[in-house]
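A structural walkthrough
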Amino acid sequence: MADVLVGVAGRIPMANDATTVTTSQRDFHKPQKERSLFQRVLVCSAVAMVLLLVGIFVTLVDKSMLSIRTFGLGFITGTTWDPLNGIFAGFPYIVGTVVTAVLALALSFPFGMSLAILLGEYYRYGWISNILKNLVELLAGIPSIIYGFTALFFLVPLVRQFEVSQGIQPAFGVSILSATIVLSIMIIPYSASVAREIIQLVPSMLKEAAYSMGATRFEVVRKIVLPYARSGIAAGFLLSFGRAVGETMAVTMVIGNANTLAKSIFDPSNTMASIIANEFTEATTKIYLSSLIEIGLMLFIITVLFDLLGKYIINRMRMS
Amino acid sequence: MDSTILSTTGFNAFFSDNHVLKNIAINIPKNRIVAMMGPSGCGKTTFLRCINRMHELTPNAHSSGEMRLEGQDVYAMNSMMLRRRIGMVFQRPNPFPNMSISENVFAGYLLNGIKLPKPERHEIVETSLRKAALWDEVKDSLNKKGTFLSGGQQQRLCIARAIAMKPEMILLDEPTSALDPISTSKVEELVVELKANYTIVIVTHNMQQAARVSDMSAFFYLGELIEYDNTDQIFTNPKDRRTQNYITGRFG
Amino acid sequence: MDKSLQWRILKDKLFVVFLFLFVVLTAVPLFLILYYIVSNGIAAINWDFLTQLPKPVGEVGGGVINAIVGTLILIVTATLIATPLGVLAGVYLSEYPKTKLARTAGLFVEILQGIPSIVIGIVAYVWLVEPIGNFSALSGSAALAIMMLPVIVRTTEETLKLIPNTLKEAALAMGTSHSRTIFRVIIPNSLSGIVTGISLALARIAGETAPLLFTAFGNPFINVNLLQPTHSLPLLIFNYATSPYEDWHRQGWGASLVLIVIILCFSVSSKIFIKRWTVQS
C-alpha cells in the first residue's frame, strides 16, 4: 500500500501511530500563527484609531484639570467670565449653545422632514430625486465659513432692520436669532439624510397593507410611515443636535460675541464653540486657557453622548 | 500500483464544533484524475480545501490527522510554499480584474514577487495558455483585461494561471458549475489532456462528469469517505449501498 | 364620488404641494449664497488677486496667493498623513471584522467623526503647537488629517468588503502572502473606492476653519516650511469678513469663490470615481 511510501522523517509524534488517530482526532494541527510584520502594522493602525480618541479625551481632561480644580461645579453654573480677574464660568455659553441648537432644530424640522419624506417615500429614484439629492449635498458641502460670511453681510442686516422696526434695543443684528437661522439651514442636510434613511426602512408590506385598504398616500405617510419611523427620526435629530452644538465658524461670525447671559433671542451671545474660537489665541494665562479647554471638554462630552445615543437608536432600528 | 502523490490517514476537519470530515484515509496517485463526489454538504469541497490548506482561512476551522504530499507533512510546511506547489481552480472563474490576460497567467509570479526576464515570461504565458487550450483565442489580445473574456474562456484562463506556476497537483472545485454546456465540454477535454503532466483532483456535483473524466472516484457522504475506487468500478459495481443509491439518483 | 373621498384625495395632493413648498424654501438660501459668492467673487477675481501677496492693512489691492498656496500645502500634508493610516485601519476593519479590536476601533472612528472641529483644533494645539513653541502648518495639517481619517477608514472598509472573496482566495491559493494579496489584488481592485473616500474627506476639510485658528494661524507671506505658521483661504475669509475694510470684504468674496471651486472639484472627482467604482463591482 501507499503507506509504505510515506517518509518517516519529520513526523509529528502525536499522529505517528495510526491506532491513536481516533482518540487524538481533536489534537488539531497547530494553526500557523503567521503574525507577519504586515499583520502587526494592520493591528497598529487599528490601535492608533483607538488611541487617537482616547488621547483626545485624556488631553482635554488633563488640560482642563486646572480649571476643574479651581472652579469645580461652579464652572457650569456660574455666569461670570472675567479674564482680567481670572474668574471663569461657562453657564452663559451653555445656555447660548443649547438655545441656538434647540431653536435651530425646531426651525429646520419642517424643511428637513419635507426633504426626507420626498426622498424616502415619493421620489426614491429619477430626476426629481437627483435634484433633491444634489440640493442636500450642496447644502452640506458649503463650508461653515461661507455660511457665516454671507449671513454676516445679508442676514444680519435684515435682522437688524427687523429689530429697529420693532424698537428692540440694542439693535445689533448679530444675535442668537441670526445664529439660529444660519444653524437651521446648515443642519437641514443632516437631519434630512438620516430621516430619509429611516423612512426607507419602513417595510413595504405595511404600506401595501394600508394601500390595499384604500388609504391615500398622505394617509399612508401619516398613519404608517411616520409612526413607524418615529424613533429613528428622533435619533436623527439627536445627531443633528450634536452637529449644531459643535458648529463653530458660522455661529461665531453672527452671534455677536457677548460674554453675558442672553435675556432674549435678540441679544448677542456666545456658544461654547464660538467662545473658544474667539478667545483661544488671546488666552494668555494658564487658567484662562484651561477654562477654554474645559469648555472644549464639555463640548466633546455633549457631542459624543448625543452621537452615541442617536447611532444606538438607529442601529437598533436597522437590525429589526 | 501507481506511485502516490498525496496520502492522508485519520484526517479530520471541524468548523467550530461541527465535525465535517471524519477520519479520511485516501491515497491519490500521480498523474491521475481523481473525482470527489457526493451530495452537497458531504465534505468533498472541504477536503479539497484541506489539501492546500485554504480551509484555514475560515475562522474557527480546525483539522487533525495526517496528510502528506510527496511524503512531506502538509501541515508542517509553510502554507504559502505548499500553495505554490498546488494549483487551484474555483467554482466561479475569478481572473484578477486589474490585470491583463497575460498578467493574469503570470499572476502567480507577479504576486509572489518573482521576477523573470521578458522572454522567459512570454514563454510561460504562451505555454500555459497553449496547455489551457486558450492560446489561439487570446493570442491577439494578451494585453486586454481578463474580465472581457467569456465565462468559459475565463475559467480556462484560471486554469492557465494555475498551470503557469508549474504545480504538482491541480485542485478543481466544481470548475464547470457556472459554465454553459459547450464551455463545460471544453474544460473537461482540457482536464483530461492535463493528466499527462499533472495530478488532478476535481470536485463535482455532476456524476456524468466524474464518470467521463476521472480515473478514480471518491464518494463522500456526511463527512465520511464511503468508497474510493477506480471510476469504472464505482459506477458499475459499487460496494457500498449508499454509493449505489447516490449514483442511481436515489438521493442528493 | 362622495364628499369625504374627494376631501381625502385633495388632502393627498395638498400634502405633496406643501412638501415641495418647504423644499423650495430650503433651496432659496442655497441659491442666494451661491449667487452672492459668484457675483461678488467674480468681481474680485483677477490675475493680481490670484498671484499677489496681500497689501498692508488699509491699502487697496493685492492678492491672496499666500492663502491659496497655504491651503494646498495644508491639504496635501493632511492627505499624506491621513491616507496611509486610514487605509490600513480600513483594511484591518474589513479583514478582521469580528475581533474586539475591530469593533472598538470601528466605534471609535464613528465617534471621531462626530467630534466638533474646534475641539480637534484644541487637541492639535496641545499636541503640536505647545511643544514646538509656535503655530505651524504641521499642526494645522494634523488637525485636518484627524478629520479626514474617519471618512477614509469607512470608505476603505466598505469598498474592500465589496471585493468578492473569490479574488482573495485565488491569490492566496497561489501561495501569495497576506500582505501581497492585499496590496497587489485587493487594494488595486478597490482603488477607485478608496480615492472616492479621499476626495470626500478632502471636500469635508478644504473649507474647515475652526481647527486652523490656533494651529496654522495665518501668515501674510507665502510659507512652505511645515514648522512655520501658514495662511489658508478659510482663515483669510474669516479675517477679511470680520474686518472693517471694504476692500478686504471684496477680496473675501473672491477667496470664497476660489474656495468653493476647490471644494467643487473634490466633490465632482469623488462622484466620477463613485461611478467608475459602481460599474466595476
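Residues numbered from 1 in each chain as written. Chains lettered and ligands numbered in written order. Predicted model: local features only at pLDDT ≥ 70, side-chain atom pairs only at ≥ 80, totals over all residues.

Observations regarding the overall build of chain B
- Across its full length, chain B carries 11 helices and 10 strands.
- Rg of the C-alpha trace for chain B: 18 Å, near the compact-globule value of 18 Å for 252 residues, within the 12% margin.
- Its C-alpha atoms put chain B at 55 × 40 × 35 Å along the principal axes.
- For chain B, long-range pairs separated by at least 24 residues make up 69% of all intrachain contacts whose partners lie at least 6 apart in sequence. (Helix = DSSP H or I, 4+ residues; strand = E, 2+ residues; numbered from the N terminus. Rg over C-alpha atoms; globule rule 2.2 N^0.38 Å. Contact = placed C-beta atoms within 7 Å.)

Observations regarding the interface of chain C and chain A
- Across the boundary between the two partners, chain C contributes 65 residues, which contact 63 residues of chain A.
- For the side of chain C that touches chain A, the leading source of residues is helix H1 (residues 3-44) of chain C, giving 17 residues.
- Looking at the side of chain C that touches chain A residue by residue, the class counts come to 47 nonpolar, 13 polar and five charged. (Nonpolar A, V, L, I, M, F, W, Y, C, P; charged D, E, K, R; others polar.)

Let's talk about the sheet that holds strand S10 (residues 224-230) of chain B
All names here are of chain B.
- Spatial ordering of the open sheet is given by S6-S7-S8-S3-S9-S10, a layout of six strands whose pairing is mixed. Every interior strand has two partners, whereas the edge strands, strand S6 (86-89) and S10, have only one. Across the sheet, the axes of successive neighbouring strands diverge by a mean angle of 15 degrees, strand direction being ignored.
- The pairing of strand S3 (residues 33-37) with strand S8 (residues 199-203) spans four bridges and is classified as parallel. (Pairing = 2+ DSSP bridges. Axes fitted to C-alpha atoms, helices over the stretch in contact; angles between N-to-C directions.)

Let's talk about the pairing of strand S1 (residues 4-15) of chain B
All names here are of chain B.
- Within S1, 10 of the 12 residues are buried, leaving the element largely enclosed by the surrounding structure.
- Note: S1 against strand S2 (residues 18-29), eight bridges, orientation antiparallel. Within S2, the position partnered with Phe15 by the bridge is Asn18.
- Linking S1 back to S2 in an antiparallel pair, the connection comprises two residues, with Ser16 at a positive phi of about 50 degrees.
- When S1 meets strand S4 (residues 61-69), the two strands line up antiparallel, connected through eight bridges. The residue bridging Ala13 from the neighbouring strand is Ser63, located in S4. (Buried ≥ 20, exposed ≤ 12 C-beta atoms within 10 Å, placed from the backbone.)

Let's talk about the interface of chain C and chain B
- Each partner contributes residues to the interface: chain C has 18 residues there, and chain B has 22 residues.
- Listed by contribution, the elements that provide at least two residues to the side of chain C that touches chain B are helix H7 (165-173) and helix H8 (178-189) of chain C.

Focus: the sheet that holds S2 of chain B
Residues and elements named next belong to chain B.
- The antiparallel open sheet is built from four strands, whose spatial order is S2-S1-S4-S5. Since the sheet does not close on itself, it has two edges, and those belong to S2 and strand S5 (72-73), each with one partner.
- Here S4 runs beside S5; their pairing, made up of two bridges, is antiparallel. Paired with Arg68 across the bridge in S5 is Asp73.
- Where helix H1 (residues 44-51) meets the sheet, its contacts fall on S1, S2 and S4, and the angle it forms with S2 comes to roughly 65 degrees.

Side note on helix H7 (residues 151-164) of chain B
- Compared with the 20 Å implied by 1.5 Å per residue over 14 residues, the 20 Å span of H7 of chain B between its first and last C-alpha is a close match.
- One or two residues past the end of H7 of chain B sits Lys166 of chain B, with phi positive at roughly 50 degrees. (Expected span 1.5 Å × (residues − 1).)

Describing the packing of helix H3 (residues 65-95) of chain C against helix H4 (residues 100-114) of chain C
All names here are of chain C.
- Contact geometry of H3 with H4 gives a least axis separation of 9 Å together with a crossing angle of 130 degrees. The angle between H3 and H4 falls in the class oblique. In this structure, the crossing between H3 and H4 has a hand that is left-handed. On H4, the residues touching Ala89, Tyr92 and Leu93 of H3 are Ala102, Ala105 and Gly106.
- Grouping the amino acids of the contact of H3 with H4 by side-chain chemistry returns five nonpolar, one polar and no charged. (Parallel < 35°, antiparallel > 145°, perpendicular 65-115°, else oblique. Left-handed = near helix turned anticlockwise from the far one by under 90°.)

Observations regarding the confidence of the model for chain C
Residue and element names in this part refer to chain C.
- Looking at chain C, the pLDDT average stands at 91 and 97% of residues meet or exceed 70.
- Within chain C, the lowest mean pLDDT, 84, falls on helix H11 (residues 246-280), and the highest, 96, falls on helix H5 (residues 117-132).
- Under the prediction, the complex receives an ipTM of 0.92, its pTM being 0.87. (pLDDT = per-residue confidence, 0-100.)

Considering the pairing of strand S7 (residues 169-173) of chain B
Residues and elements named next belong to chain B.
- With respect to burial, S7 is a largely interior element, five of its five residues being buried.
- Residue alternation in S7 divides its side chains into two sets, Met169, Leu171 and Asp173 and Ile170 and Leu172, and both sets are buried.
- Relative to S7, S6 runs parallel, the two sharing four bridges. Among the inter-strand pairings, Val89 is bridged to a residue of S7, identified as Leu172.
- With five bridges connecting them, S7 and S8 associate as parallel partners. Bridge pairing links Met169 to Thr199 in S8.
- Between the parallel elements S7 and S8, the chain passes through helix H8 (residues 181-194) in a crossover that is right-handed. (Right-handed = clockwise from strand over helix to strand, strands pointing away.)

Side note on the environment of Leu21 of chain C
- Inspection of the secondary structure puts Leu21 of chain C in helix H1.
- The class of Leu21 of chain C is exposed, set by 12 C-beta atoms lying within 10 Å.

Observations concerning the packing of helix H2 (residues 37-71) of chain A against H4 of chain C
- Two elements in contact, H2 of chain A and H4 of chain C, have axes separated by 9 Å at closest approach and are oriented at 45 degrees. Classified by the interaxial angle, the pair formed by H2 of chain A and H4 of chain C is oblique. Considering how the two elements wind past one another, H2 of chain A and H4 of chain C form a crossing that is left-handed. Where H2 of chain A approaches H4 of chain C, its residues Val43, Ala46, Val47, Met49, Val50, Leu52 and Leu53 of chain A are matched on the opposing element by Leu101, Ala102, Thr104, Ala105, Phe108, Val109, Ile111 and Leu112 of chain C.
- Grouping the amino acids of the contact of H2 of chain A with H4 of chain C by side-chain chemistry returns 14 nonpolar, one polar and no charged.

Some words on H1 of chain C
- Spanning 42 residues, H1 of chain C covers 61 Å between terminal C-alpha atoms, matching the ideal 62 Å at 1.5 Å per step.
- For H1 of chain C, the set of buried residues is Leu19, Val23, Thr26, Pro29, Ile33, Ile37, Asn40, Gly41 and Ala44 of chain C.

Some remarks on the nonpolar core
- In this structure, Val182 and Val254 of chain A together with Met148 of chain C are the most contacted members of the largest nonpolar core, which totals 256 residues.
- For this core, the element with the highest residue contribution is helix H7 (residues 176-200) of chain A, accounting for 16 residues.
- Discounting chain neighbours no more than four positions away, the residues touching Met148 of chain C are Ala78, Thr79, Ala82, Gly86, Ala201 and Ile205 of chain C.
- Counting residues in each nonpolar core, the second largest holds five residues, with Phe71, Phe75, Phe88 and Ala89 of chain A among its members. (Core = buried A, V, L, I, M, F, W, Y, C linked by C-beta atoms within 7 Å.)

So, unusual backbone geometry
Residue and element names in this part refer to chain B.
- At Asn23, a position not held by glycine, the phi torsion is positive, near 50 degrees.
- By the element assignment, Asn23 lies in strand S2.
- Looking at Asn23, the number of C-beta atoms within 10 Å reads 18, which means it is partly exposed.
- Here Glu174, not a glycine, exhibits a phi torsion of approximately 40 degrees, which is positive.
- Along the chain, Glu174 turns up in the loop between S7 and H8.
- The exposure class assigned to Glu174 is buried, which follows from the 20 C-beta atoms found within 10 Å.

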